[in-house]
Amino acid sequence: FTLFFLGFFLISSLSLHAAQIEKAAGRIVSLMGNVNIVHGGTTLSAKPFQNLDIGDVITTGANSRVAILLRDESLIKLNSNSQVTIKNVLPIIKPVSTGEEGKTQIKQDTGEMWVRTKNRPGKMEIDTKSGSAAIRGTEFNISASENKTLITLVNGVAELSNSLGSVLIAQN
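Residues numbered from 1 in each chain as written. Predicted model: local features only at pLDDT ≥ 70, side-chain atom pairs only at ≥ 80, totals over all residues. Heavy atoms only, no water.

A.B. asks: Pulling in residues and values, what's your account of the side chain of Asp-56?
C.D. replies: In this fold, Asp-56 is placed in the loop between strand S4 (51–52) and strand S5 (57–60). Here Asp-56 occupies a buried position and makes no salt bridge, while the nearest side chain of opposite charge, Arg-71, is found at 11 Å. Among the polar contacts listed, one links the side chain of Asp-56 to the side chain of His-39, at a separation of 2.6 Å. (Helix = DSSP H or I, 4+ residues; strand = E, 2+ residues; numbered from the N terminus. Buried < 20%, exposed > 50% of the residue type's maximum accessible area, 1.4 Å probe, protein only. Lys, Arg positive; Asp, Glu negative; His and termini not counted. Salt bridge = Lys/Arg side-chain N within 4 Å of Asp/Glu carboxyl O. Polar contact = N/O pair within 3.5 Å; in protein donor to acceptor, adjacent residues only side chain to side chain.)

Below, the structure is given as structure tokens:
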């Protein structure tokens, strides 16, 4: 009986842990320097392995960096003086198709970030002040300022668009 109870307890604990991980939009996997999270209107100093939710705003200070592993297994690394907002993150397990699946969406207010997508290329969108990048590749660097967005594609394809039109970018 004790062995049965212990086994049941372990399975219940693992299921609860998996549900908590699935619920979080992402998690900080490393950080250096001054990194802040605005969560529900409250600004907090980021901590290693801190969970992140939809709507959280992540800001890095001067000489600071943060790496974030999103729920869909995409990895984002923010350089210093950068700010992003997590708008949407796909679940790690692809749901049974009901038509529109959605995309992982990140709003990049300013700064520079490197991104590597995993498992679902074409399901990420980065919105900046000067345009929107629909990512159809797996690895890229994106830098955004008030009136300019620069994408350096390492692997794959990206489509950059704004009110003036769109351009398809592919690696050489």
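A.B. asks: Give a detailed account of the pattern of salt bridges, specifying residues and quantitative values.
C.D. replies: The final tally for this structure, using the stated rule, is 2 salt bridges. Residue Asp-109 is joined to Lys-107 by a salt bridge in which the shortest nitrogen-to-oxygen separation is 3.1 Å. On the basis of relative accessible area, Asp-109 is assigned to the buried category, the value being 10%. Under the relative-accessibility criterion, Lys-107 is labelled partly exposed at 35%.

A.B. asks: An account of the nonpolar core is needed here, citing residue identities and associated values.
C.D. replies: Grouped together as the largest cluster of nonpolar side chains are 28 residues, with contacts concentrated most on Ile-58, Leu-70, Ile-86, Ile-106, Met-113, Ile-126 and Phe-140. In this structure Leu-70 touches Ala-25, Gly-26, Ile-76, Ile-86, Val-89, Thr-104, Ile-106 and Met-124, once residues within four positions along its chain are discounted. (Core = buried A, V, L, I, M, F, W, Y, C linked by side-chain atoms within 4.5 Å. Contact = heavy atoms within 4.5 Å.)

A.B. asks: Before we move on, can you summarise the packing of aromatic side chains with the specific residues and values?
C.D. replies: Inspection of the entire model under this criterion finds 0 aromatic pairs. Directly above the ring of Trp-114 sits Lys-77, whose terminal nitrogen or CZ lies 5.0 Å from the centroid. (Phe/Tyr/Trp six-rings, centres within 6.5 Å; stacked < 30°, edge-to-face > 60°. Lys NZ or Arg CZ within 6 Å of the ring centre and 35° of its normal.)

A.B. asks: Requested: an account of the environment of Ile-37, with residues and values cited.
C.D. replies: On the secondary structure map, Ile-37 appears in strand S2 (residues 35–39). The spatial distance from the C-alpha of Ile-37 to the C-alpha of Gln-50 is 9.9 Å, given a sequence separation of 13 residues. Discounting residues that sit within four places of it in the chain, Ile-37 has contacts with Ile-28, Thr-42, Thr-43, Leu-44, Ala-46, Gln-50, Leu-52, Asp-56, Val-57 and Ile-58.

A.B. asks: Give me the pairing of strand S11 (residues 132–135): which residues, what numbers.
C.D. replies: Residues Ser-132 and Ala-134 line one face of S11 and the alternating positions Ala-133 and Ile-135 line the opposite face, and both faces are buried. Where strand S10 (residues 124–127) lies against S11, 4 bridges are found, and the strand directions are antiparallel. The partner of Met-124 across the bridge, within S11, is Ile-135. Between S10 and the antiparallel strand that follows it, S11, lie 4 residues. Judged from the 4 bridges that link them, S11 and strand S14 (residues 157–162) form a sheet pairing that is antiparallel. When the bridges of S14 are listed, Ala-134 appears paired with Glu-159. (Pairing = 2+ DSSP bridges.)

A.B. asks: How would you summarise the side chain of Thr-104 if you had to cite specific residues and measurements?
C.D. replies: Among the secondary structure elements, Thr-104 is positioned in strand S9 (residues 104–116). Residue classification places Thr-104 among the buried residues on the basis of a relative accessible area of 0%. Of the polar contacts made by the side chain of Thr-104, one reaches the side chain of Asp-72; its length is 2.6 Å. Those residues in contact with Thr-104, other than ones at most four positions away along the chain, are Leu-70, Asp-72, Asn-88, Val-89, Leu-90, Lys-123, Met-124 and Glu-125.

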